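Coordinate inspection notes
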Amino acid sequence: MKGLLVVDVQNDFCPGGSLAVPGGDKVVPVLNSLMKNFPVVVASKDWHPHQTVHFTKWPVHCVHNTKGAEFHPDLESERIQQVFLKGTGNKDDGYSAYEATNLDLARYLKEKGIDELYVAGLATDYCVRASALDSVKNGFKTYLITDAIAAVDLKAGDGEAAIEEMKKAGVTLVHSGDIA
Ligand code: VGL
Ligand code: ZN
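The sections below set out a description of the structure shown in this document. Keep in mind it's a predicted model, so treat the numbers as computed, not measured.

1. Details of the overall build of the protein
- The number of helices and strands found in the protein is 5 helices and 6 strands.
- The order of helices and strands in the protein, counted from the N terminus, is β-α-β-α-β-α-β-α-β-α-β.
- What you see for the protein is a C-alpha radius of gyration of 15 Å, in line with the 16 Å of a compact globule of 180 residues.
- Relative to its full complement of 180 residues, the protein shows a buried share of 54%.
- In the protein, the proportion of contacts linking residues at least 24 apart, taken out of those at least 6 apart, comes to 76%.
- Carbon and sulfur atoms form 51% of the exposed surface of the protein, whose accessible area is close to 7900 Å².
- One finds the centroid of the 18 positive side-chain charges in the protein at a distance of 3 Å from the centroid of its 24 negative side-chain charges.

Below, the structure written as structure tokens:
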């Protein structure tokens, strides 16, 4: 059974946000058309406290219960069955959705009978990367939807390098148009 994990499609990672990922909003229509094909759709949210060591590395973003931490307004979030909150402590980055503190993602997916997990969202070189790698580690056949991701690219090529690393770890690349 197939599940879709939508990683961090939040205002602060989209144009106009405090940690805007170039082209971050482009993933939204792709995800909207995909969600209806999946029996199980879950999402993660970066969900930081006001003060965290994470903000020594990054501009302040996705502070819990703020506009910046909300899903992009065009994302059809009513299709999302469960949201996993991560980066909630003052000392952790919480890049991976498997580090969510409100619920255990691996356990949730297993209870729903998911064995194949499709991963997409923001950002390729941080939370998507960490979530896809952990997905493999947790035993899911893991797919990366290459036209529904966008990279921070602090350094040019970071996104591409992350995709390469995911591939090496056993993640299968797929285009949204090829998902049945
Ligand atoms: C992310 C940087 C900082 C992400 C989160 O969602 O990829 N990147 N916090
Ligand atoms: Zn963050």
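2. With respect to the nonpolar core
- One finds Leu4, Val6, Leu31, Leu75, Tyr118, Leu122 and Ile145 to be the most contacted residues of the largest nonpolar core, which totals 35 residues.
- Sort the elements by how many residues they give to this core and helix 1 (residues 27-35) lands first, with 6 residues.
- Setting aside residues no more than four positions away along its own chain, tyrosine 118 makes contact with Lys2, Gly3, Leu4, Leu5, Phe38, Tyr143, Ile145, Val174 and Ile179.
- If you look at the next biggest cluster of nonpolar residues, it comprises 26 residues, including Leu5, Tyr98, Ala106 and Val171.

3. A word on the pattern of salt bridges
- Evaluation of the coordinates by the stated rule reveals 11 salt bridges.
- Close ionic contact of lysine 2 with glutamate 116 constitutes a salt bridge, the shortest N to O distance being 3.6 Å. Taken together, the residues span a long stretch of sequence, with lysine 2 in strand 1 (residues 2-7) and glutamate 116 in strand 4 (residues 116-122) at a distance of 114 residues.
- Owing to a relative accessible area of 27%, lysine 2 belongs among the partly exposed residues under this scheme.
- Ionic pairing is found between glutamate 111 and arginine 107, a salt bridge with its closest N-O pair at 3.4 Å. Taken together, the positions of glutamate 111 and arginine 107, both in helix 3 (residues 105-111) and 4 residues apart, correspond to about one turn of that helix.

4. Quick notes on the site of ligand 1
- The environment of ligand 1 is made up of Asp8, Phe13, Leu19, Asp46, His54, Trp58, His61, Tyr95, Leu122, Ala123, Tyr126 and Cys127.
- Histidine 54 is positioned with one of its side-chain polar atoms (N or O) 3.1 Å from a nitrogen atom of ligand 1.
- For ligand 1, whose unbound accessible area comes to 250 Å², protein coverage reaches 100%.
- A molecule is said to occupy a pocket when more than half its atoms come within 2 Å of that pocket's grid points, and by this definition ligand 1 occupies the largest cavity.

5. A word on the coordination of the zinc ion (ligand 2)
- The coordination sphere of the zinc ion (ligand 2) contains the protein donors Asp46 (OD), His48 (NE2), His54 (NE2) and His61 (NE2), at a distance range of 2.1 to 2.2 Å.
- All donors of the zinc ion (ligand 2) belong to a single chain; written as a sequence motif, their spacing is D-x1-H-x5-H-x6-H. Linking aspartate 46 in strand 2 (residues 40-46) with histidine 61 in the loop between helix 2 (54-57) and strand 3 (82-86), this pair joins segments that are 15 residues apart in sequence.
- Using a relative accessible area of 2% as the deciding quantity, one classes histidine 61 as buried.

6. Quick word on helix 5 (residues 158-168)
- What helix 5 keeps buried is the set Asp158, Gly159, Ala162, Ile163 and Met166. Projected down its long axis, helix 5 shows its buried positions confined to an angular sector of 140 degrees, all on one face. In helix 5, the exposed residues that point more than 90 degrees away from the buried face are Glu160 and Lys168.
- Each element contacted by the buried residues of helix 5 is listed here: helix 4 (124-137), strand 5 (141-150) and strand 6 (172-174).

Reading the values: rules and limits
The written sequence of each chain sets the order in which its residues are numbered from 1. Chains carry letters from A onward and ligands carry numbers from 1 onward, assigned in written order. This being a predicted model, a pLDDT of at least 70 is required before a residue's local features are given, and a value of 80 or more before pairs of side-chain atoms are given or counted; all residues contribute to the totals for chains, interfaces and linings. Working from all heavy atoms in the structure, the side-chain values ignore hydrogens and water. What counts as a helix is a DSSP run of H or I of at least four residues, what counts as a strand is a run of E of at least two, and both are numbered from the N terminus. Radius of gyration means the value over C-alpha atoms here, while the globule rule gives 2.2 Å times the residue count to the 0.38 power. Summary of the burial criterion: residues with accessible area below 20% of their type's maximum are buried, those above 50% are exposed, and those between are partly exposed, where the area comes from a 1.4 Å probe applied to protein chains only. For this analysis, residues touch if any pair of their heavy atoms sits within 4.5 Å. Per-residue accessibility takes into account occlusion by the displayed protein chains alone, with areas from the Shrake-Rupley method and a 1.4 Å probe. For the charge count, each Lys or Arg is scored as positive and each Asp or Glu as negative, with His and the chain ends excluded. To locate a charge, take atom NZ for lysine, CZ for arginine, CG for aspartate or CD for glutamate. Among the buried residues, those of types Ala, Val, Leu, Ile, Met, Phe, Trp, Tyr and Cys that are joined through side-chain atoms within 4.5 Å form a nonpolar core. Think of a salt bridge as a Lys or Arg side-chain nitrogen and an Asp or Glu carboxyl oxygen that are within 4 Å of each other. The nearness test applies per residue and asks whether one of its heavy atoms lies within 4 Å of the molecule or strand. N or O atoms closer than or at 3.5 Å make up a polar contact, with two conditions inside protein: a donor-capable atom paired with an acceptor-capable one, and, for residues adjacent in sequence, both atoms drawn from side chains. Only protein atoms enter the 1 Å grid, on which a cavity is a set of points fitting a 1.4 Å probe that cannot get out and a pocket is an open set with protein on both sides within 12 Å along at least 5 of 7 lines, lining residues being those with an atom within 4 Å of a point. Those molecules having more than half of their atoms within 2 Å of a cavity or pocket grid point set are described as sitting in that cavity or pocket. With water excluded from the atoms, a metal site may look incomplete; its donors are any N, O or S atoms within 2.8 Å, or within 3.2 Å for Na, K and Ca. The directions from the helix axis to the C-beta atoms form the arc being described.

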